[in-house]
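Overview (structure and organization)
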Amino acid sequence: MKYWGNQIMNEIIRAKVLEDVLAERERQDGMYGDQTKHSDQYWNVIATEENGEVAREVYEQNEPKLYIEIIQACAVYFAWAEAILNRSRA
């Protein structure tokens, strides 16, 4: 029974994280508009900057801000993946 309880809790946590990433994607789209035309080099710069913010919060040991920065970094990678798929459709 404990296994099923852990599995359900893990799925709830996973759904929460995905919900937060998708909400951040919407926020980023609202702030920056369509970014699908960026080159991979440009996306890499954006992602590297986000990874630096994650690293800062690891160093600062600020777990609530770390979570926020990880979600923002995930949303950037998500947007980059969307841009790649959009390019392949063109």
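See the structure printed just above.
What counts, and at which threshold
- Residues numbered from 1 in each chain as written.
- Predicted model: local features only at pLDDT ≥ 70, side-chain atom pairs only at ≥ 80, totals over all residues.
- Heavy atoms only, no water.
- Helix = DSSP H or I, 4+ residues; strand = E, 2+ residues; numbered from the N terminus.
- Rg over C-alpha atoms; globule rule 2.2 N^0.38 Å.
- Buried < 20%, exposed > 50% of the residue type's maximum accessible area, 1.4 Å probe, protein only.
- Contact = heavy atoms within 4.5 Å.
- Core = buried A, V, L, I, M, F, W, Y, C linked by side-chain atoms within 4.5 Å.

**A closer look at the overall build of the chain**
On a plain count of helices and strands, the chain comes out with three helices and zero strands. Going from the N terminus to the C terminus, the chain shows its helices and strands as α-α-α. The C-alpha atoms of the chain give 16 Å as radius of gyration, which overshoots the globular expectation for 90 residues (12 Å, by more than 25%). By principal-axis analysis of the C-alpha atoms, the chain measures approximately 50 × 35 × 20 Å. In the chain, which comprises 90 residues, the share counted as buried stands at 26%. A fraction of 68% describes how many contacts in the chain between residues 6 or more apart in sequence connect residues 24 or more apart.

**Thoughts on the nonpolar core**
Of all hydrophobic cores here, the largest spans seven residues; its members are Trp43, Ile46, Ala47, Val76, Ala79, Trp80 and Ala83. Looking at this core, the elements with two or more residues in it are helix 2 (40–60) and helix 3 (63–89). The greatest single-element share of this core, amounting to four residues, is contributed by helix 3. For Ala47, the residues in contact, after removing those within four places along its chain, are Val76, Tyr77 and Trp80.

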